[in-house]
Amino acid sequence: MTAEAVWSALAEVEDPEIPVVSIVDLGLVRDVQVDGERVHVELTPTFLGCPALEVMRDRAAVAIEALGARADVEVILDDSWSTDRITPAGREKLRSAGLGPPAPRTAGSPKLLQLQNGPFRCPYCGSTETRLDNLFGPTPCRSLRYCARCKQPFEQFKTI
Amino acid sequence: MNGSADPSRPQGALDEQERQALLAIADDELVLGWRDSEWTGIAPVLEEDVALSSIAQNEIGHARAIYALLSARSGAGDAGAIAAGDALSSVPTAGDPDALAFDRPPEEYRCAPLVQLRFVPDWARTIARRVLYEAVDELRLERLRASSDEAVAGLAAKIDREEAYHRLHAEMWRERLATEPRFQAAVEELWPYAVAMAEPDDREQLERMFEPKTTPSNSLLQGARRGAHADGWRELWNEMTEVRRSVPGASW
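In this numbering scheme, every chain counts its residues from 1 along its sequence in written order. The naming scheme follows written order: chains are lettered A onward, ligands numbered 1 onward. At least 70 in pLDDT is required for a residue's local features to be given in this predicted model, at least 80 for side-chain atom pairs to be given and counted, and no such filter applies to totals for whole chains, interfaces and linings, which use all residues.

### Looking at the overall build of chain A
No. 1: Each helix is a run of DSSP H or I of at least 4 residues and each strand a run of E of at least 2, with the numbering of both proceeding from the N terminus. When its secondary structure is counted, chain A shows four helices and nine strands.
No. 2: Listing every helix and strand of chain A by position from the N terminus yields α-β-β-β-β-α-β-α-β-α-β-β-β.
No. 3: Whether a residue is buried, exposed or partly exposed follows from its count of other C-beta atoms within 10 Å of its own C-beta, namely 20 or more, 12 or fewer, or something in between, respectively; the C-beta atoms are built from the backbone. Out of the 160 residues belonging to chain A, those deemed buried represent 44%.
No. 4: Pairs at least 24 apart in sequence give 54% of the contacts found in chain A among residues at least 6 apart. By definition, residues are in contact whenever their C-beta atoms, placed on the basis of the backbone, come within 7 Å of each other.

### Some points on the domain arrangement of chain A
No. 1: On domain assignment, one finds that chain A holds domain 1 (3–75) and domain 2 (100–157).
No. 2: Residue ranges assigned to each domain were obtained from an automatic or database domain assignment. Look at where the C-alpha atoms of domain 1 of chain A and domain 2 of chain A centre, and you get two points 28 Å apart.

### Considerations on the interface of chain A and chain B
No. 1: The interface of chain A with chain B comprises 22 residues on the first partner and 30 residues on the second.
No. 2: Of all elements in the fold, only α2 (52–65) and β5 (70–75) of chain A reach the threshold of two or more residues within the side of chain A that touches chain B.
No. 3: Note on residue categories: nonpolar means Ala, Val, Leu, Ile, Met, Phe, Trp, Tyr, Cys or Pro, charged means Asp, Glu, Lys or Arg, and polar means any other residue, Gly included. Its residues assigned to classes, the side of chain A that touches chain B comprises 13 nonpolar, four polar and five charged.

### Looking at the pairing of strand β4 (residues 38–43) of chain A
Residues and elements named next belong to chain A.
No. 1: Side chains V39, V41 and L43 of β4 all project onto a buried face; the interleaved residues R38, H40 and E42 project onto a face where none is buried.
No. 2: Two strands qualify as a pair provided that DSSP identifies no fewer than 2 bridges between them. Bridge count for strand β3 (residues 29–35) against β4 is six bridges, and the pairing is antiparallel. Bridged to Q33 within β4 is H40.
No. 3: From the end of β3 to the start of β4, which pair antiparallel, there are two residues, and G36 there has a positive phi angle of about 65 degrees.
No. 4: Pairing geometry for β4 and β5, over six bridges, is parallel. Among the inter-strand pairings, V39 is bridged to a residue of β5, identified as A71.
No. 5: In this view, the connection linking β4 to its parallel neighbour β5 by way of α2 has right-handed handedness. Convention used here: a crossover is right-handed provided that the path from the first strand, over the helix, to the second strand proceeds clockwise when the strands point away from the viewer.

### Focus on the confidence of the model for chain B
All names here are of chain B.
No. 1: The predictor reports its confidence for every residue as pLDDT, a score running from 0 up to 100. Confidence in the prediction for chain B averages 89 pLDDT; 87% of positions are at 70 or higher.
No. 2: Highest mean pLDDT in chain B belongs to helix α4 (residues 113–116) (98); lowest belongs to helix α3 (residues 97–102) (91).
No. 3: Between residues 1–10, whose pLDDT stays under 50, and residues either more than four places distant or in other chains, the model counts 29 contacts.
No. 4: Contacts of residues 76–87 to residues separated by more than four positions or lying in other chains number 15 contacts, the stretch itself having pLDDT below 50.

### Quick notes on the sheet that holds β5(A)
Residue and element names in this part refer to chain A.
No. 1: If you walk across this open sheet you meet the three strands as β3-β4-β5, and the pairing is mixed. Strand pairing shows two members of the sheet lacking a second neighbour, β3 and β5, which therefore form its edges. For this sheet, the mean angle separating the axes of adjacent strands, direction not counted, is 15 degrees.
No. 2: Contacting β3 and β4, helix α1 (residues 3–10) runs over the sheet at an angle of about 140 degrees to β3.
No. 3: Only the stretch in contact is used when a helix axis is fitted, and all axes are lines through C-alpha atoms; the angle between N-to-C directions ranges over 0 to 180 degrees. Across the face of the sheet, α2 comes into contact with β4 and β5 while running at roughly 155 degrees to β5.

Written out as structure tokens, the structure reads:
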């Protein structure tokens, strides 16, 4: 058993709420340690209230056990995950699924003006003529925006 | 809430003062999440239906994570670690976050009366509470982020990043309703609850932020203090714990 084999298996574990991306694409796998038959994985949540967390943890364990190893998936409740950890491939997959990838984190907390007037790009037509419709969306990680050019509402990944 | 958060590396018992602070925050967030979720389906506009539901989900998620930390660091399995008369004394299994969330008798919850009050269908009070609560919450999270205990500081920082969006929501509504008499009256009415909920060190800063017209009387502050229970609390506790009490020991 190699750590590479574990990473490849985890790269197939989908986020149940955004099935186009895996937990590796989202940067949620913080560490993989292989010790003989035992595999220890550190998983970080996106938002603390995200109900997908348990599903991802359980699916990660199943994927590791399918390799013939004993899985120990630990959920780390600290501040180490941010939307900056989403990989370039992950961002592209989000965009192709109609979800605006998160803006890079800047120093300090997000500001209302920034979200209202920032150049957020429509994942459908690429225009930045978009407006914030709602800070909150169908899951904790998304806001709702509207593209004035192609008249398409879309979901925008929040920056945290 | 079952087992979402594998205890993150037990490192011994928490600092007592921080443990009390964390328990108070977890109880506040659980109960406020419950109250905010009462708007699901009936908010004045669809956007707010989504917003209040999402905020409620986040607050309950924060409670869940804090209960998990408290459980992991309670010296689980060592009943002696929990002193008699302690707020957690009646929790049968100290290592279980769900037990902490739902198995305490109503009088042992540490949530502030501010979050216990039921406001549906009054939007003005609902928003006034959100605005005041987020202000108090930001100040106490700032203190915990500076904790020398890495697990406490890390979790507080994570929670604070999510709360940033709740603060934006509160800011947006505070601006929008600033000149509305009903909203102004609601802020004045709930001000004593916010002051009573805040740590004494934070009160001056809150006064600068809200410039209240009146100074609350001692009896008002006494009724609004943490540990007191507001009208409707027992009904809320009944509702909140009903499913778990219906089949004790079941795993969901």
